[in-house]
Amino acid sequence: MLKTLRTQKSAKIYRKYLKGLKSHKKTLCPLCDERVSVKSFKYWRIVKNIFPYDKIANRHDMLLPRRHISENKLNEREIAEYKKIKENYIRNTNYHYIMEANQKMASIPNHFHLHLVELK
Ligand SMILES: [Zn+2]
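Rules used throughout
Residues numbered from 1 in each chain as written. Predicted model: local features only at pLDDT ≥ 70, side-chain atom pairs only at ≥ 80, totals over all residues. Helix = DSSP H or I, 4+ residues; strand = E, 2+ residues; numbered from the N terminus. Rg over C-alpha atoms; globule rule 2.2 N^0.38 Å. Buried ≥ 20, exposed ≤ 12 C-beta atoms within 10 Å, placed from the backbone. Contact = placed C-beta atoms within 7 Å. Expected span 1.5 Å × (residues − 1). Pairing = 2+ DSSP bridges.

### Considering the overall build of the protein chain
In step 1: A count of helices and strands for the protein chain gives three helices and five strands.
In step 2: Secondary structure of the protein chain in N-to-C order comes out as α-α-β-β-β-α-β-β.
In step 3: Its C-alpha atoms give the protein chain a radius of gyration of 14 Å, within 12% of the compact-globule value 14 Å for 120 residues.
In step 4: With respect to the three principal axes, the spread of C-alpha positions in the protein chain is 40 × 35 × 25 Å.
In step 5: Relative to its 120 residues, the protein chain shows a buried fraction of 18%.
In step 6: Taking the intrachain contacts of the protein chain between residues at least 6 apart in sequence as the baseline, contacts between residues at least 24 apart amount to 57%.

Written as structure tokens, this is what we have:
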């Protein structure tokens, strides 16, 4: 049994979606591709996760840098703003957890993102 925070049904749909992504010749990033932001900052934005951890979450969004970069490419300004977002914004929302997938679990490892989860 695959370990997942998604329901079996959602996990199956998500796996199909990932397979579809990989079969595309051009590498498109679904995070860059997501046009609608739930919240915008100068260097970061929050988008809705279209494949939420629906086993545990009522609401599941993702915080990501505007640039398509991995964590170790974040510059000082981006890191400073992240800390502010965490202290001044996320703290005052209904999110219960800021979660980061381990690299081997991350489906989109080239675009750093954190999961913002409001529990059921
Ligand atoms: Zn990207």
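### Brief notes about helix 1 (residues 8-23)
In step 1: Helix length check: helix 1 (16 residues) gives 23 Å between terminal C-alpha atoms against 22 Å at 1.5 Å per residue, within 8%.
In step 2: With zero of 16 residues buried, helix 1 is to be regarded as a mostly surface element.

### Side note on the environment of Lys73
In step 1: Topologically, Lys73 is positioned in the loop between strand 3 (57-65) and helix 3 (76-89).
In step 2: A residue is classified by how many C-beta atoms lie within 10 Å of it, and Lys73, with 12 of them, is exposed.
In step 3: Between the alpha carbons of Lys73 and Leu5 there is a distance of 28 Å; along the sequence they are 68 residues apart.

### Quick word on the sheet that holds strand 1 (residues 39-40)
In step 1: Taken together, five strands build an open sheet; the order of strands is 1-2-3-5-4 and the sheet is antiparallel. Looking along the sheet, the strands with just one partner apiece sit at the ends: strand 1 and strand 4 (97-99).
In step 2: Direction of pairing for strand 1 relative to strand 2 (residues 44-48): antiparallel, over a ladder of two bridges. Residue pairing in the sheet places Lys39 in a bridge with Ile46 of strand 2.

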